[in-house]
Each structure stands twice: as C-alpha cells, then as structure tokens.
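Notes for the structure review
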Amino acid sequence: MLHVLYLVGISAFAASGVLAAYRANMDPFGGLVLAFAASISGGTLRDTLLGRHPLYWTHDWVLLTVIIGVGVGTMLYLRFWQLPHKSLLVVDALGLAVVTVIGARAGIEAGVTPLAVIILAVLTGVAGEVIRDVLCGEFPPLLLREDVYAIAALAGASCYLALHHFGVGATPAAVVSAGVVFALRMGAVYFGVHLPRPHRAGGGQDRTG
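So, here's what we can say about the structure. (Residues numbered from 1 in each chain as written. Predicted model: local features only at pLDDT ≥ 70, side-chain atom pairs only at ≥ 80, totals over all residues. Heavy atoms only, no water.)

Observations regarding the overall build of the protein
On a plain count of helices and strands, the protein comes out with 7 helices and 0 strands. Secondary structure elements of the protein occur, N-terminal to C-terminal, as α-α-α-α-α-α-α. Against the compact-globule benchmark of 17 Å for 209 residues, the protein has a radius of gyration of 17 Å, which places it among compact chains. Seen through its C-alpha atoms, the protein measures out along the principal axes to roughly 50 × 50 × 30 Å. Here the protein, with 209 residues, has 44% of them falling under the buried criterion. The contacts of the protein with a sequence gap of at least 6 include a subset with a gap of at least 24, amounting to 74%. Accessible surface, the protein: about 10,900 Å² in total, of which carbon and sulfur atoms supply 68%. Distance between charge centroids for the protein: 5 Å, based on 12 positive and 11 negative side chains. (Helix = DSSP H or I, 4+ residues; strand = E, 2+ residues; numbered from the N terminus. Rg over C-alpha atoms; globule rule 2.2 N^0.38 Å. Buried < 20%, exposed > 50% of the residue type's maximum accessible area, 1.4 Å probe, protein only. Contact = heavy atoms within 4.5 Å. Areas by Shrake-Rupley, 256 points an atom, 1.4 Å probe, with all protein chains shown as cover. Lys, Arg positive; Asp, Glu negative; His and termini not counted. Charge placed at Lys NZ, Arg CZ, Asp CG, Glu CD.)

Remarks on the side chain of Asp47
Relative to the assigned elements, Asp47 resides in helix 2 (residues 28–50). Using a relative accessible area of 2% as the deciding quantity, one classes Asp47 as buried. Among the polar contacts made by the side chain of Asp47, one reaches the side chain of Arg46 at a distance of 3.1 Å. Once residues lying within four places of it in the same chain are set aside, the contact partners of Asp47 are Arg52, Leu55 and Tyr56. (Polar contact = N/O pair within 3.5 Å; in protein donor to acceptor, adjacent residues only side chain to side chain.)

Structural notes on the packing of aromatic side chains
Within the structure shown, the criterion is met by 4 aromatic pairs. Ring centres of Tyr6 and Tyr56 lie 6.0 Å apart, and the angle between their planes is 65°; on these two criteria the pair is classed as edge-to-face. Note that Tyr6 is positioned in helix 1 (residues 2–23) and Tyr56 in the loop between helix 2 and helix 3 (61–80), a separation of 50 residues in sequence. Of the two residues examined, Tyr6 and Tyr56, each falls in the buried class. Sitting over the face of the ring of Tyr56, Arg46 holds its NZ or CZ atom 5.3 Å from the ring centroid. (Phe/Tyr/Trp six-rings, centres within 6.5 Å; stacked < 30°, edge-to-face > 60°. Lys NZ or Arg CZ within 6 Å of the ring centre and 35° of its normal.)

Some points on a nonpolar patch on the surface
A cluster of nonpolar side chains, Met1, Val4, Val8, Val90, Leu94 and Phe182, forms an exposed patch at the surface whose accessible area comes to about 480 Å². Within the residue set of the nonpolar patch, elements represented by two or more residues are helix 1 and helix 4 (87–110). Checked against the element boundaries, Phe182 lands in helix 7 (residues 170–191). (Patch = residues over 30% accessible without salt bridge, like charges linked within 9 Å, V, L, I, M, F, W, Y side chains within 5 Å. Salt bridge = Lys/Arg side-chain N within 4 Å of Asp/Glu carboxyl O.)

Details of helix 7
The terminal C-alpha atoms of helix 7 lie 31 Å apart, and with 22 residues this matches the ideal 32 Å at 1.5 Å per residue to within 8%. Where helix 7 is concerned, the buried positions are Ala173, Ala174, Ser177, Ala178, Val181, Arg185, Met186, Ala188 and Val189. Here the buried face of helix 7 lies against helix 1, helix 4 and helix 6 (150–165). Note on helix 7: the residue one or two positions beyond its end, Gly192, has a positive phi of about 65°. (Expected span 1.5 Å × (residues − 1).)

Let's talk about the nonpolar core
Counting residues in each nonpolar core, the largest one holds 46 residues, and the members touching the most others are Tyr6, Phe13, Leu63, Ile67, Leu96 and Tyr160. At the level of secondary structure, the elements contributing two or more residues to this core comprise helix 1, helix 2, helix 3, helix 4, helix 5 (114–135), helix 6 and helix 7. By residue number, the principal contributor to this core is helix 1, which donates 10 residues. (Core = buried A, V, L, I, M, F, W, Y, C linked by side-chain atoms within 4.5 Å.)

Points about the side chain of Thr74
Tracing the chain through its elements places Thr74 in helix 3. Residue class for Thr74 comes out buried when judged on its relative accessible area of 13%. Within the structure, the side chain of Thr74 is placed 2.7 Å from the backbone oxygen of Val70, a separation counted as a polar contact. Not counting residues within four places of it along the chain, the set of residues in contact with Thr74 comprises Ala15, Val18 and Leu19.

Digging into helix 5
Since there are 3.6 residues in each turn of an α-helix, residues three or four apart along the chain are aligned in direction. Its 22 residues place the ends of helix 5 32 Å apart at the C-alpha level, agreeing with the 32 Å of an ideal helix rising 1.5 Å per residue. The principal kink in helix 5, of about 35°, is found at Val126. Gly137 sits one or two positions beyond helix 5 and adopts a positive phi of about 75°. (Bend = angle between axes of the 7 residues up to and from the residue.)

Bear in mind that shape data such as this cannot, by itself, settle questions of function.
The structure is reproduced here in structure tokens:
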C-alpha cells in the first residue's frame, strides 16, 4: 500500500513538472526533464544523505515508466484541453503530501533521530519543487517565499512521527499524515494564508522589484 501511495506522489510531482514547463513555454523535452526533476530529486537527496546506493530509481523500472507515462499523458491533455485553474498547486500539494510521508518513513527505517526524521521528510518533500522552480527560472522558489509549503511538510512529518511513536500502523499513519500536509497546503492556497515577511528597519518597503 505504501508503494502505491508513493507512486501516486511521484505521479503528482511528474504532472506538476510538466505543468510548470507548460507555463514556462518549454518544449516537450523540457516537460519531461521537469517531470523527472520534480519526481526524483527529493528521493535522490534523501538516499544520498542516508548513504543508500544504488539510488532507488536506478533499478525501479515501474517508477521510471510511471513518470514517463504521466509526463506524456499530461502533455497530451494540455494539447487538447485548457489548463485547469490552480491545477499546478493541487498536484504539487498532493506530491508534497505523499513524498514527505515516504521520507519520514525512510528516516524511521534508517534508525535516525526523531529530529533527523523530520528534516529528511521535509527535504524529501520540497527538493523536487525547488529544482523544478529553478529550472523554470522562477526565483526565489516557492519554498523560499512566504507560502505555506515547507511548514505543511513539517507538520505532516511531525504527525507521522507521532503516530508511529504511538504504534499506529504504517499505512493509516501515512494516509492521515499525508492528509494533514495536503489540507494545510490547500487550505493556505484557498484562504490566501501566507507567512509574514520581515519588515525593513524604519518601515521602508523593498522597491527593487
């Protein structure tokens, strides 16, 4: 069941990569590059930090096939139908939710400290989005702006860690924790909730933009 959830999260990130490429006016090759970058960057960073070799995606043909299939399918959809409003935010939130939880699970299985579990989970969840935005020329990335993104991943990772501590099964803990991430992220989008920005001394505003 956890593997199925992981494929769902990877699929969502693959779709988000193509949607981001579409908005940046990239060609189909650029769409596939962003699909892979958004999908595997987080897990690659996680496995590298944990010293896992070979990297998980290098011997998982199902995962690679899913990324290609979702990428091509999303391109075909965009070829014939209009891009739904806020679709990128929705699929990105879904990918963030599932991949963050998978990152937390990997940290627990590796036997690292609780704080390290949370850090690994957040990094796993947000790395793909950062790489995707950088490749699209969007700077600073969504993570480094005031949007509730990494905070949602932090909450979900903490929830998963707590549920694991109290003996909740892996699948229900993953579903609940992913739901927390998705609800927080989409709630912030729907209600326009942002993290506060620090003000300049003297109350001046940044006029560089």
